[in-house]
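What follows is the residue order along each chain.
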Amino acid sequence: MIRLKLNGKERTFDGDPEMPLLWYLRDVAGLTGTKFGCGMALCGACTVHQNGEAIRSCITPMKEVSGTEITTIEGVPAIHPVQKAWMEIRVPQCGYCQTGQIMQAIALLKDNKNPSDQDIDVAMSGNLCRCGTYSRIRTAIHEAAKELKERA
Amino acid sequence: MKNIENVSRRRFVQGALASGVFILSARFVATPLWAEEDEKTSPFDPSVWMAIGSDGTVIIVAHRSEMGCGSRTALPLVVADELDADWSKVKIDQAIGDPKYGEQDTDGSHSVRSCFELMRQVGATGRAMLIGAAAAQWGVAAKDCSTVPHFVVHKASGRKLGYGELAAAAAKLPVPKKDDVRFKTRVEWRYIGKESNALFDLPDIVTGKAVFGMDAAMPGMLYASIEHPPVLGQKIKSLDDKAALKVEGVRKTLTIDTVEPPHLFKPLGGVAVIADNTWAAFKGRKELKIEWGSSPNSVYNSAEFRKTLEATSRQPGKVVRNVGDVDAAFAKAGKIIEAEYYTPHLAHAAMEPNVAVAEYRDGKVLAWVPTQNPQAVQETVAAVLGIKKEDVTCHVTLLGGGFGRKSKPDQVAEAAILSKQVGKPVKVVWTREDDIKFDFFHSVAAMYMKAAVGDNGKPTAWLQRTTYPPIGSTFDASARYADDEMGLGWNNLPFDIPNHRAENGPADYHVRIGWLRSVANIYHAFAIHSFADELAKSANRDSVGYLLDLLGNARTVELNLKGDDAEDARNYPLETGRLRRVIEVVAERAQWGKRSLGKSHGMGIAAHRSFLTYVATVVEVEVDGKGRVHIPNVWTAVDAGTIVSPDNIRNQFEGAAVFGTSLALFSEITATHGVIDQGNFDSYQITRMNRAPRKIDVHIVESDAPPAGVGEPGVPPVAPALYNAVCAATGKRVRELPLAKTKLA
């Protein structure tokens, strides 16, 4: 029996301990905001937070989730400054990768209140966007950083 | 019988609105739109485009799919504008697949282009009827009434009624003819062309509530993962599924017959693992032991095939456009320049892999699909199951990218076939490897170019020949010429050259060929605009000045076209003046020739018209000591005629710069003995943030010409502009995609 805290609630899971967290979230817990893109941690569409750190849920088996706290896009208190910036800059096109991008950006801004373009490149280059919204993502992260600073 | 009529009840209205519903429906006829027609000759049901509830909620039907280009927002915005509706009170209802909406294939960058006037008429007619209802209630003339968003007003008496209050009365009025409806003038538009327009689904996207195909579910559904034949056309020789069936959560395995040509959108065939969840299906599939039979496509090796294509492109081909006498000009010319270009297969690699949910029950199919073409879903599923297409209901979810792949619903047919066998709804989920290996690939192409150059450096003759397995081979296994693709940047060279011939050589296919964002324009523009730049540099001319000289004076280019291309040419003549204008604008914004560039920096330009939109792009590159290309700047100027959402259009062209960077620098699909060599984003690379253009400046040139395409036309100029920039920076002329294959340092 695997116990975890998912978006603030205690959960248990007694299925295949090798099942990646991604498929537990999507097929078992019914939280579909976290996306499947590659299954190999190459695209970042499945990014969630484990104890506040960004992880790729597609390669994280349930046994490694045991006893930890998982936050998905559904668990982010809306509307987070990062989401707000995403809307103001109108980042998305198709939108499929954007929840992963947002989760990665929130994790970046938690550790780095004032990221440079270089910092953003390093943190975000694992998250693919086939529509090509990278320049807007960078702008939105700078915007969110500003807003978070004002709030602090 | 009129083409617009009132209808009392419709599917989407039930439950969506309370009472007092005003529904405006439109009969879709291809040409001429909205003409009077005899009811007896019309086979179509009225189609419903919008409804107004007594609470004022306006529901507008989106009959085109949303894959990131903004059609689902843009078309309803046009209706809302002419209706004079308050956008915050608008809800969008996504249409199912149904011929009553006319064509629904969201590709070819033509949703706004084809539907702009239709959507305007839907809105304007609704507004006229709301005004009519208010005028009757007040006992005044309709011409003395006007609207402000969501209200009809009578200025003289200061009276005002909301659209919700008028809905029931408006519904009882006869539908006015088009000629009797007043359309807004351009200056009255509230939404069309305005910066305030944002994607309707934006709030749902950033909160994870948006429903993509991957997120669709049906009660009691099972999950399937399918091992397809590694080589197109291979059949199962033997199957051992014992180990697969032992995997926890796996229910059973099922086989799907291997496809026979023509491949159309039929399933490839293979072995499906049916399970309780996606992971169990994936895990079980890894345990399958399958021996595959032979296929004629096992001979396919990319390196050898390239030689065949190149050899063909050096031989005379089918003439697709002829001006003057190229051969005579070559015979007497002093200076001849020749060049050959090569571009590989590409995969679409939308971020959402291929997926579908379908349920077969009592001879009917219900499907939820991220599809660009729900009517193709109906036709394909009906054909493989032997049922009527009217018995296939296709709901359309949001698409996690499409780029042309999601016009082809082979995976929906898989889900329907499997559902029929297991007696439950089935969700088919393709892995990323499936998505890349079993694509309908963008074609591999070889181009041969030859020019005779006069003393002034300008060509007196220009021959161009292109050779590639055509998209037509997917529909007709004997197709070897790309007849239908010549309009994609090959039979319409806009240059002012007295002798010009365009040809197309034959090629066989060994994989399924499909259309990918901007299609054949990618390789055609690469060859044409690389070659134009080669001629400029050979003549020691500035690239921009030379390009303008090639285009010559502002004029309409004479094209001898047939079919759809001819229709387009009538409505959208190819104007070199508009192409010149975007070149001049982009050169100015990029400060062409005026910027002091650092060492190992270079700038390149290309200008290409596709999907009836004029685009010029300048790329600045920096080639580092390791030979890696960085892109500090991209500038694009675009004339797409009348536009709906400018910020979304900028986003499309920013994205096109990144998409173009992917295919210019990184992406290539190859085959060995018929098996695709790439599988995931490690072997099939697309642009990541750290290699994407740092700054992308998109400038929209204002135009009141009819709307043209915006989703695709940004892509074709990127690769040639980038390669021309690399040549400017390094002196190296590279003639094949992607650049990763060439050592620059």
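Everything numeric in this text was worked out from a predicted model, so none of it was measured. (Residues numbered from 1 in each chain as written. Chains lettered and ligands numbered in written order. Predicted model: local features only at pLDDT ≥ 70, side-chain atom pairs only at ≥ 80, totals over all residues.)

Peer 1: Describe the overall build of chain B, with residues and values.
Peer 2: Helices and strands together make up the secondary structure of chain B, namely 17 helices and 28 strands. Counting only C-alpha atoms and orienting by the principal axes, one finds that chain B spans roughly 80 × 70 × 50 Å. (Helix = DSSP H or I, 4+ residues; strand = E, 2+ residues; numbered from the N terminus.)

Peer 1: An account of helix 15 (residues 576-589) of chain B is needed here, citing residue identities and associated values.
Peer 2: In an α-helix, one turn spans 3.6 residues; hence positions three or four apart end up facing the same way. All names here are of chain B. An ideal rise of 1.5 Å per residue puts 20 Å on 14 residues; helix 15 measures up with 20 Å between its terminal C-alpha atoms. If you check which residues of helix 15 are buried, you get Thr576, Arg578, Leu579, Arg580, Val582, Ile583, Val586 and Ala587. On its buried face, helix 15 is in contact with helix 13 (543-551), strand 23 (601-610), strand 24 (613-623) and strand 25 (629-639). (Expected span 1.5 Å × (residues − 1). Buried ≥ 20, exposed ≤ 12 C-beta atoms within 10 Å, placed from the backbone. Contact = placed C-beta atoms within 7 Å.)

Peer 1: Pulling in residues and values, what's your account of the nonpolar core?
Peer 2: One recurring pattern in soluble globular proteins is that nonpolar side chains are buried together. The biggest cluster of nonpolar side chains holds 276 residues, and the ones touching the most others in it are B:Ala224 and B:Ala367. At 12 residues, the largest contribution of residues to this core is made by helix 2 (residues 111-138) of chain B. (Core = buried A, V, L, I, M, F, W, Y, C linked by C-beta atoms within 7 Å.)

Peer 1: Give a description of unusual backbone geometry that names residues and reports values.
Peer 2: Put simply, A:Ala78 and A:Ile79 share a cis peptide bond, and its omega is 0°. With respect to the secondary-structure elements, A:Ile79 resides in the loop between strand 5 (69-71) and helix 2 (81-88). B:Pro738 follows B:Leu737 through a cis peptide bond whose omega is -15°. Locating B:Pro738 in the fold gives a position in the segment after helix 17 (718-730). In this model, B:His150 sits at a positive phi of 75°, which is unusual for a non-glycine residue. With respect to the helices, strands and loops of the structure, B:His150 is situated in the loop between strand 6 (145-148) and strand 7 (151-154). Even without a glycine there, the phi angle at B:Gln591 is positive, about 50°. Considering the arrangement of structural elements, one finds B:Gln591 in the loop between helix 15 and strand 23. A tally of 12 C-beta atoms within 10 Å means that B:Gln591 is categorised as exposed.

Peer 1: Tell me about the interface of chain B and chain A, and please be specific about residues and values.
Peer 2: With 47 residues of chain B at the contact, the number on the chain A side is 44 residues. For the side of chain B that touches chain A, the elements supplying multiple residues, two or more each, are helix 4 (202-207), helix 6 (278-286), helix 16 (646-665) and strand 28 (695-700) of chain B. Broken down by element, the side of chain B that touches chain A gets its largest block of residues, seven residues, from helix 16 of chain B. The residue makeup of the side of chain B that touches chain A, split by class, is 24 nonpolar, 13 polar and 10 charged. (Nonpolar A, V, L, I, M, F, W, Y, C, P; charged D, E, K, R; others polar.)

Peer 1: Run through the domain arrangement of chain A, naming residues and quoting values.
Peer 2: Residue and element names in this part refer to chain A. Under the domain assignment used here, chain A contains domain 1 (2-75) and domain 2 (81-151). Distance between the C-alpha centres of domain 1 and domain 2: 21 Å. The interface is formed by 15 residues belonging to domain 1 together with 12 residues belonging to domain 2. With three residues, the top contributor of residues to the side of domain 1 that touches domain 2 is strand 3 (residues 47-50). Among the residues making up the side of domain 1 that touches domain 2, the classes are represented as six nonpolar, seven polar and two charged. (Domains from an automatic or database assignment.)

Peer 1: Break down helix 16 of chain B for me, with residues and values.
Peer 2: Compared with an ideal rise of 1.5 Å per residue, which puts 20 residues at 28 Å, helix 16 of chain B spans 28 Å between its outermost C-alpha atoms and is within 8% of the ideal. In terms of burial, helix 16 of chain B is largely enclosed, as 18 of its 20 residues are buried.

Peer 1: Would you mind going over the domain arrangement of chain B in detail, with residue names and values included?
Peer 2: Residue and element names in this part refer to chain B. In terms of domain boundaries, chain B breaks down into domain 1 (4-207), domain 2 (213-295 + 354-429) and domain 3 (314-346 + 440-741). In this complex, domain 1 contributes 19 residues to the contact, which on the side of domain 3 involves 18 residues. Within the residue set of the side of domain 1 that touches domain 3, elements represented by two or more residues are helix 1 (71-83) and helix 2. Here the element with the most residues in the side of domain 1 that touches domain 3 is helix 1; it accounts for four residues. Partitioned by chemical class, the residues of the side of domain 1 that touches domain 3 number eight nonpolar, seven polar and four charged.

Peer 1: Pulling in residues and values, what's your account of the packing of helix 2 of chain B against helix 3 (residues 163-171) of chain B?
Peer 2: Residues and elements named next belong to chain B. Across the interface, helix 2 lies against helix 3 with an axial gap of 9 Å and an inter-helix angle of 90°. One finds that helix 2 runs roughly perpendicular with respect to helix 3. Listed contacts from helix 3 to Met129, Leu130, Gly132, Ala133, Ala134 and Gln137 of helix 2 are Tyr163, Leu166, Ala169 and Ala170. The residue inventory of the contact of helix 2 with helix 3, partitioned by class, reads eight nonpolar, two polar and no charged. (Axes fitted to C-alpha atoms, helices over the stretch in contact; angles between N-to-C directions. Parallel < 35°, antiparallel > 145°, perpendicular 65-115°, else oblique.)

Peer 1: Go over the packing of helix 13 of chain B against helix 15 of chain B, please, and point to the residues and values.
Peer 2: In a packed pair of helices, the relevant descriptors are the angle between the two axes and the axis-to-axis distance. Residues and elements named next belong to chain B. Close contact between helix 13 and helix 15 brings their axes to 10 Å; oriented N to C, the two are set at 175°. As far as their axial angle goes, helix 15 and helix 13 are roughly antiparallel. Where helix 13 abuts helix 15, its residues Val544, Leu547, Leu548 and Leu551 lie against Thr576, Leu579, Arg580, Ile583 and Ala587. By residue class, the composition of the contact of helix 13 with helix 15 is seven nonpolar, one polar and one charged.

Peer 1: Can you break down the environment of B:Ser473 residue by residue, with the values?
Peer 2: Residues and elements named next belong to chain B. Looking at the element boundaries, Ser473 is found in the loop between strand 21 (459-467) and strand 22 (499-505). On the basis of neighbour count, Ser473 is assigned to the buried category, with 24 C-beta atoms found within 10 Å. Considering only alpha carbons, one finds Ser473 and Tyr509, 36 residues apart in sequence, at a separation of 6.9 Å. Residue contacts for Ser473: discarding those within four places in its chain leaves Ala479, Tyr509 and Ile513.

Peer 1: Residues and numbers for the confidence of the model for chain B, please.
Peer 2: Here chain B shows a mean pLDDT of 92. Residues at 70 or above account for 94%. Note on residues 1-20 of chain B: pLDDT is under 50 here. Beyond four places in sequence and across chains, it has 44 contacts. (pLDDT = per-residue confidence, 0-100.)

Peer 1: Please provide a residue-by-residue account of the pairing of strand 20 (residues 445-453) of chain B, values included.
Peer 2: Residue and element names in this part refer to chain B. With seven of its nine residues buried, strand 20 lies for the most part within the structure. Where strand 15 (residues 335-343) and strand 20 come together, nine bridges link them in antiparallel fashion. Its bridge partner lying in strand 20, Glu340 is registered against Tyr448. Sheet topology places strand 20 next to strand 21; eight bridges connect them, and they run antiparallel. Its bridge partner lying in strand 21, Val453 is registered against Pro459. Where strand 20 hands over to strand 21, the hairpin turn is made up of five residues, of which Gly457 adopts a positive phi near 85°. (Pairing = 2+ DSSP bridges.)

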